[in-house]
Amino acid sequence: MSEISVWRPTAPLENLRRRAALLADIRRFFAERQVLEMEVPILSRRATSDPHIDSITADCSGAPAYMATSPEFGLKRLVAAGIGDCYYLGKAFRNGEAGGRHNPEFTMLEWYRMGWDDHRLMIEVGELLSWLLKIARVRSYSYRALFLQQLGVDPHRAAFAELKAVVSRVLELSFEPAGRDECLDLLMSHYIEPNMGEGITLVYDFPATQAALARVEEDELGVPVARRFEAYVGGMELANGYWELTDAAEQQRRFVSDHGYREDNGKPVYPFEERLVQALESGLPECAGVALGVDRLLMLACGAGRIEEVIAFPVDRA
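Computed from a predicted model, the values in this text were never measured in an experiment.

Student: Got a minute to help me understand the overall build of the protein chain in this structure?
Tutor: Helix and strand content of the protein chain: 9 helices and 12 strands. For the protein chain, the C-alpha radius of gyration of 20 Å lies close to 20 Å, the compact-globule estimate for 318 residues. Expressed along its principal axes, the backbone C-alpha trace of the protein chain runs to roughly 55 × 45 × 45 Å. Out of the 318 residues in the protein chain, the part that is buried amounts to 49%. When the accessible surface of the protein chain is summed, it comes to about 14,900 Å², and 51% of that surface belongs to carbon and sulfur atoms. Across the protein chain, the centroid of the 35 positively charged side chains sits 4 Å from that of the 48 negatively charged ones.

This is how it looks when you write it as structure tokens:
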């Protein structure tokens with residue numbers, strides 16, 4: 001790359017104009033539905049505990065601080081304080097995430113709806129994506145139904161050995177999966193997602209072991225499942241939503257469990273957000289929330305193959 005070219009944006013100017021229009025359309029969508037835009041800190045003394053996400057650390061007045069991996073903790077604290085339906089549209093940061101669909105600095109949309117569950121919020125996610133991308137076809141499947149349909153296996157009840165056998169049958173790997181969840185993640189990302197087809201696909205009732213910050217309840221077969229969903233367009237994951245956990249003690253337990261996993265696997269351990277636990281103790285209203293990757297959404301709107309085609313200055317030019 002020449003010295004002359006590195007100052008230029010990687011995205012065509014027309015795509016940057018489309019970005020501005022898309023952000024305006026998102027804000028119009030929520031304004032019409034009386035959902036309030038909120039700002040929350042993107043620099044915090046606390047960080048994510050998620051075992052699969054790493055924070056970017058900064059020095060702030062001689063003490064460590066962390067760039068927000070999402071606005072979730074701040075928004076939930078506002079919801080607990082009584083702000084009502086709200087959303088955030090802005091930057092988030094994740095360390096080590098760079099590639100065709102990832103950049104360490106990215107744009108996230110996250111919103112919360114009071115009194116809703118995951119299924120009601122799924123409908124609104126479908127409505128937003130249909131409107132922004134002009135796609136009429138919206139389908140929804142349970143996690144179990146997708147696995148049974150495409151692989152003939154029940155992901156909630158299959159033993160590790162059975163799942164490992166399915167992985168060996170449909171995927172070519174240079175390693176052996178370490179557990180059930182790794183098998184399920186590999187099958188979802190490397191087999192099911194590429195075969196989803198066109199249109200918007202909503203997947204719900206994930207394994208209870210993948211609950212993250214969602215509540216766990218029994219499904220119609222009496223199996224505990226995570227009340228969370230994901231949204232895909234053409235097999236590209238765009239959004240991840242929860243019927244939010246409101247149990248403070250369970251939230252604390254999950255934070256501690258995440259820290260244990262990080263320690264056992266040699267990952268950085270950050271101070272977790274005990275203020276979220278305090279917010280839950282004060283009383284988080286029944287609500288559902290979802291986070292959506294705006295850069296990926298714009299990639300679909302522009303027909304772009306890589307994320308640098310829709311952001312001005314990716315990490316190698318920032």
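Don't stop here, the text continues.
Student: How should the sheet that holds strand β3 (residues 56-60) be read in this particular structure?
Tutor: Sheets are built from strands that pair by backbone hydrogen bonding, the pairs being arranged parallel or antiparallel. The strand order β2-β4-β3 describes an open sheet built from 3 strands, whose pairing is antiparallel. Each end of this open sheet is capped by a strand with a single partner; those strands are β2 (43-44) and β3. Sheet topology note: the β2/strand β4 (residues 63-67) ladder contains 2 bridges and is antiparallel. Looking at the pairing, Ser44 lines up with Tyr66 of β4.

Student: How should the packing of aromatic side chains be read in this particular structure?
Tutor: By convention here, two paired aromatic rings are described through the distance between centres and the angle between planes. Enumeration over the complete set of coordinates arrives at 9 aromatic pairs. An aromatic cluster is present here, built from Phe29, Phe30, Tyr87, Trp111 and Trp131 joined pairwise through their rings. Over the aromatic face of Trp243 sits the side chain of Arg215, whose NZ or CZ is 4.0 Å from the ring centroid. Positioned above the aromatic ring of Phe206, the side-chain terminus of Arg228 is 4.3 Å from the ring centre.

Student: Looking at this structure, I do not really get the UniProt feature "domain: Aminoacyl-transfer RNA synthetases class-II family profile" (unreviewed entry) in the protein chain. What am I missing?
Tutor: When the UniProt feature table is mapped onto this chain, "domain: Aminoacyl-transfer RNA synthetases class-II family profile" (unreviewed entry) is found at residues 19-314. Between the C-alpha atoms that bound residues 19-314 the distance is 15 Å, and the span itself is 36% helix and 25% strand.

Student: Explain the pairing of β3 here, please?
Tutor: In the case of a regular strand, side chains alternate between the two sheet surfaces. Sheet analysis places β3 next to β4, joined by 5 bridges and oriented antiparallel. Residue Asp59 lies in a different strand from β4, and its bridge partner there is Pro64. The hairpin turn running from β3 into β4, its antiparallel successor, is 2 residues long, and Ser61 in that turn takes a positive phi close to 55°.

Student: Quick question: what am I supposed to make of the packing of helix α3 (residues 118-133) against helix α9 (residues 294-302) here?
Tutor: When two helices pack together, their arrangement is captured by the angle between the axes and the distance separating the axes. Running from amino to carboxyl end, α3 crosses α9 at an angle of 40°, the nearest separation of the two axes being 10 Å. Comparing the axis directions of α3 and α9 gives the class oblique. Here Leu129, Leu132 and Leu133 of α3 lie close against α9, whose contacting residues are Leu297, Leu300 and Ala301. Of the residues belonging to the contact of α3 with α9, the class tally is 6 nonpolar, no polar and no charged.

Student: Explain the pattern of salt bridges here, please?
Tutor: A side chain with one charge can pair with a side chain of the opposite charge if their charged atoms come near. Under the criterion given, the structure shown has 26 salt bridges. A salt bridge links Lys76 to Glu244; the shortest N-O distance between them is 2.7 Å. Of this pair, Lys76 sits in helix α2 (residues 72-80) while Glu244 sits in the loop between β11 (236-243) and α7 (248-264), and the two are 168 residues apart along the sequence. Take Lys76 and Glu244: they sit in the same class, and that class is buried. One network of salt bridges, with partners in common, ties together Arg33, Asp85, Arg113, Glu124 and Glu127.

Student: Could you clarify how one ought to interpret the environment of Leu163 in this entry?
Tutor: Relative to the elements of secondary structure, Leu163 occurs in helix α5 (residues 160-170). Separated by 74 residues in the primary sequence, Leu163 and Leu89 have C-alpha atoms spaced 38 Å apart. Not counting chain neighbours up to four residues away, the residues in contact with Leu163 comprise Val153, Ala158, Arg180, Cys183, Leu184 and Leu187.

Parameters and conventions
- All residue numbers here refer to positions counted from 1 along the written sequence of the relevant chain.
- Side-chain atom pairs in this predicted model are given and counted only at pLDDT of 80 or more, local residue features only at pLDDT of at least 70, and totals for whole chains, interfaces and linings cover all residues.
- Hydrogens and water are ignored here; the side-chain numbers use all heavy atoms of the structure.
- By definition, any uninterrupted DSSP run of H or I lasting at least four residues is a helix, any uninterrupted run of E lasting at least two residues is a strand, and each is numbered from the N terminus.
- Both definitions apply: the radius of gyration is a C-alpha atom measure, and the globule rule equals 2.2 Å times residues to the power 0.38.
- Three labels apply to residues, based on accessible area from a 1.4 Å probe with only protein chains included: buried if under 20% of the type maximum, exposed if over 50%, partly exposed otherwise in between.
- Exposure was quantified through the Shrake-Rupley algorithm and a 1.4 Å probe, taking into account, for residues, occlusion by the shown protein chains and nothing else.
- Under the convention used here, Asp and Glu are negative, Lys and Arg are positive, and both His and the chain ends fall outside the count.
- Throughout, a charge is located at the NZ atom of Lys, the CZ atom of Arg, the CG atom of Asp or the CD atom of Glu.
- Here, a strand pair is defined by DSSP locating no fewer than two bridges between the strands.
- Aromatic rings from Phe, Tyr and Trp, taking only the six-membered ring of Trp, are treated as a pair when their centres fall within 6.5 Å; an angle between ring planes under 30 degrees marks them as stacked, one over 60 as edge-to-face, and anything in between as tilted.
- In our convention, an over-ring charge means Lys NZ or Arg CZ found within 6 Å of a ring centre and within 35 degrees of that ring's normal.
- UniProt positions are given in the numbering used here, feature names are shortened, and annotations may be inferred rather than shown by experiment.
- Only the stretch in contact is used when a helix axis is fitted, and all axes are lines through C-alpha atoms; the angle between N-to-C directions ranges over 0 to 180 degrees.
- Just so you know how the angles are binned, under 35 degrees is roughly parallel, over 145 roughly antiparallel, 65 to 115 roughly perpendicular, and the rest oblique.
- Throughout, a contact is declared for two residues whenever any of their heavy atoms are within 4.5 Å.
- Under the scheme applied, nonpolar residues are Ala, Val, Leu, Ile, Met, Phe, Trp, Tyr, Cys and Pro; charged residues are Asp, Glu, Lys and Arg; polar residues are all the others, including Gly.
- Any Lys or Arg side-chain nitrogen located within 4 Å of an Asp or Glu carboxyl oxygen qualifies as a salt bridge.

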